[in-house]
Amino acid sequence: MTVEPAEKLLAPVLSAFWDDPRSWTLDTYRRHEGYQALTKALAMAPDDVIAYVKDSGLRGRGGAGFPTGMKWQFIPQGDGKPHYLVVNADESEPGTCKDIPLLFANPHSLIEGIVIACWAIRSHHAFIYLRGETVPVLRRLHEAVREAYAAGYLGKNIKGSGFDLELTVHAGAGAYICGEETALLDSLEGRRGQPRLRPPFPAVEGLYACPTVVNNVESIASVPAIINRGKEWFRSMGSEKSPGFTLYSLSGHVARPGQYEGPLGITLRQLLEMGGGMRPGHRLKFWTPGGSSTPMFTDEHLDVPLDYEGVGAAGSMLGTKALQCFDETTCVVRAVTRWTEFYAHESCGKCTPCREGTYWLVQLLRDIEAGKGRPEDLDKLNDIADNINGKSFCALGDGAAAPIFSSLKYFRAEYEEHIAGKGCPFDPARSTAWADKSRTEVNA
């Protein structure tokens, strides 16, 4: 039997022409079927567009995997209120790096998707909420929006259809909590970014108390390809319940980190093969399937299908497909401590379980890492994480608890070694990207 090379599994759609000169321009986008889907969508009834996206099986690429067409369908029609589309580009999950490269290399795929989505939900004003620190991306996105307005893809009477749409690019101030959709809406309205109590849900009362769809960048950017090439083409990739293509962010101790666009259901083993494997002379120890807020996996999970059902059945979440890979030089306690410090710092403080719980998790983890931990601290870690998980106001608390639970499940002995040995048995310098090169130069 002939085995095809691993690269044959890749399905570049969003990233198909990232390596073109000036890939971000309107001219380049048009040369690659750009805005052809918009013409087709404007010829369809809005409800038919919603049904088409729903039938394609496209699921949200921001973490939860909720069906995109179904979310659009929740917007009440004929209510006399303005409807809004808000694109969540506040990418800040540790390890997640797919939306920012997409916006930097191919912003018009998002803009075309926005116009189609707004036509479907009868919205005449859309917003892109971008992480403010990414200034080069912000400038490129502003230029792409300017090009779209000048070409008649935004503004009044888009391409003679009678449909009007204004698009606003908003730069956030850099709070991780604003990646949570209701905190994002509060921030967009000029208030402090904190999650809202639900119900009412954004589809009923979102931005300015009006029906609002909040979608991830990749979710909306995938829509033009579905409309242009067909829902059957989209369903020919991936699995039955998780169809289509997606961007996997491979990072950490791998030979060739980067964005790998492939069908849902591919495995980390296959992606690592395409990425040159782990760095020479080292082996995989643990990894995250969807960023630091998802329960970690070990080398035993290399063949888990990376789709929503496969990862869920194995005990984690696909999340943002941020595949952070760590080799045997990495201290699990140190990694989990750094992640937990991030969550404690980014907690908005609105609810007690998250505000107080993340603080005390950090204190315990720092003591264990410094050799001042006690055996009973491990049960205390688990207990505090349990008091946060499912009891906080939003999913940030659940994300903070996930690495605690999973690291204790798979690497409890490593925690115990820190306590018994009165300190960390790992050399942090060995886990740096340049460690092997430095040692080679010294030995030479």
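Residues numbered from 1 in each chain as written. Predicted model: local features only at pLDDT ≥ 70, side-chain atom pairs only at ≥ 80, totals over all residues. Heavy atoms only, no water.

We now examine unusual backbone geometry. Peptide bonds are, in most cases, trans, and in most cases residues other than glycine have a negative phi. Pro 199 follows Arg 198 through a cis peptide bond whose omega is 0 degrees. When you line up the elements, Pro 199 lands in the loop between helix H8 (181-188) and strand E4 (212-216). Here the residue pair Pro 199 and Pro 200 is connected by a cis peptide bond, since its omega of 5 degrees sits within 30 degrees of zero. Note that Pro 200 resides in the loop between H8 and E4. Residue Glu 33 is not a glycine yet carries a positive backbone phi of 65 degrees. With respect to the element layout, Glu 33 can be found in the loop between helix H1 (26-31) and helix H2 (36-42). Although it is not a glycine, Lys 321 sits at a positive phi angle of roughly 60 degrees. Looking at the element boundaries, Lys 321 is found in the loop between helix H13 (308-313) and strand E9 (322-327). The exposure class of Lys 321 is buried, given its relative accessible area of 0%. (Helix = DSSP H or I, 4+ residues; strand = E, 2+ residues; numbered from the N terminus. Buried < 20%, exposed > 50% of the residue type's maximum accessible area, 1.4 Å probe, protein only.)

With that settled, the discussion passes to the domain arrangement of the protein. Often the size quoted for an interface is simply the accessible area lost on bringing the parts together. Parsing the protein into structural domains produces domain 1 (6-235), domain 2 (245-327) and domain 3 (332-429). Of the residues lining the interface, 29 residues belong to domain 1; the matching set on domain 2 comes to 26 residues. For the pair domain 1 and domain 2, the summed buried surface comes to about 2,200 Å²; carbon and sulfur atoms form 58% of the total. Three residues, Leu 9, Leu 10 and Arg 61, lead the burial of domain 1 against domain 2; their summed loss comes to 22% of the area buried on that side. Arg 59 is the partner of Glu 309 in a salt bridge, and the nearest nitrogen-oxygen pair spans 2.7 Å. (Domains from an automatic or database assignment. Contact = heavy atoms within 4.5 Å. Buried area = accessible area lost by both parts, 1.4 Å probe. Salt bridge = Lys/Arg side-chain N within 4 Å of Asp/Glu carboxyl O.)

A sheet is described by the order of its strands in space; here 5 strands give the open sequence E6-E5-E9-E7-E8, paired in mixed fashion. For this open sheet the edge positions go to strand E6 (258-263) and strand E8 (297-298), each flanked by a neighbour on one side alone. Bridge count for strand E5 (residues 245-252) against E6 is 6 bridges, and the pairing is antiparallel. Each bridged residue has a counterpart across the sheet, and for Leu 250 the counterpart in E6 is Gly 258. Against the sheet, helix H14 (residues 332-346) touches strand E7 (284-288) and E9, its axis set at about 20 degrees to E7. (Pairing = 2+ DSSP bridges. Axes fitted to C-alpha atoms, helices over the stretch in contact; angles between N-to-C directions.)

Right, let's get into the sheet that holds strand E1 (residues 84-89). Within the open sheet, the 4 strands sit side by side as E3-E2-E1-E4. Their pairing is parallel. A single partner strand is all that each edge strand has here, and the edge strands are strand E3 (166-171) and E4. Taken pair by pair, the neighbouring strands of this sheet meet at an average axis angle of 20 degrees, ignoring direction. Bridge analysis of strand E2 (residues 125-130) against E3 gives 6 bridges, and the strand direction is parallel. Across the sheet, residue Phe 127 finds its bridge partner in E3, namely Thr 168. Relative to the sheet, helix H6 (residues 107-121) contacts E1, E2, E3 and E4, its axis offset from that of E1 by approximately 150 degrees.

Once that is clear, we can look at the nonpolar core. The tendency in soluble globular proteins is for nonpolar side chains to be buried as a group. The biggest cluster of nonpolar side chains holds 63 residues, and the ones touching the most others in it are Trp 72, Leu 85, Ile 114, Ile 128 and Leu 165. The leading source of residues in this core is H6, at 10 residues. With sequence-adjacent residues up to four places away left out, Leu 165 is seen in contact with Ile 114, Val 115, Cys 118, Ser 123, His 124, His 125, Ala 126, Tyr 149, Leu 154, Gly 155 and Ile 158. Grouped together as the second largest cluster of nonpolar side chains are 45 residues, Leu 184, Leu 185, Val 214 and Cys 354 included. (Core = buried A, V, L, I, M, F, W, Y, C linked by side-chain atoms within 4.5 Å.)

With that settled, the discussion passes to the packing of aromatic side chains. As enumerated under the stated definition, the model contains 17 aromatic pairs in all. With a centroid separation of 5.9 Å and an interplanar angle of 45 degrees, the aromatic rings of Phe 66 and Phe 74 are classed as tilted. With a relative accessible area of 37%, Phe 66 lands in the partly exposed category. On the basis of relative accessible area, Phe 74 is assigned to the partly exposed category, the value being 45%. Between Phe 234 and Phe 245 the ring centres are 5.5 Å apart and the planes differ by 80 degrees, which places this aromatic pair in the edge-to-face class. Linking Phe 234 in helix H11 (residues 231-235) with Phe 245 in strand E5, this pair joins segments that are 11 residues apart in sequence. With relative accessibility at 0%, the residue Phe 234 sits in the buried group. Note on Phe 245: relative accessible area 0%, which makes it buried. A connected cluster of aromatic rings, assembled from ring pairs, spans Phe 17, Tyr 29, Tyr 35 and Tyr 153. It is Arg 140 that lies over the ring of Trp 24; its NZ or CZ is 3.5 Å from the centre. The cationic tip of Lys 159 hangs over the ring face of Tyr 153; the distance from NZ or CZ to the ring centre is 4.6 Å. (Phe/Tyr/Trp six-rings, centres within 6.5 Å; stacked < 30°, edge-to-face > 60°. Lys NZ or Arg CZ within 6 Å of the ring centre and 35° of its normal.)

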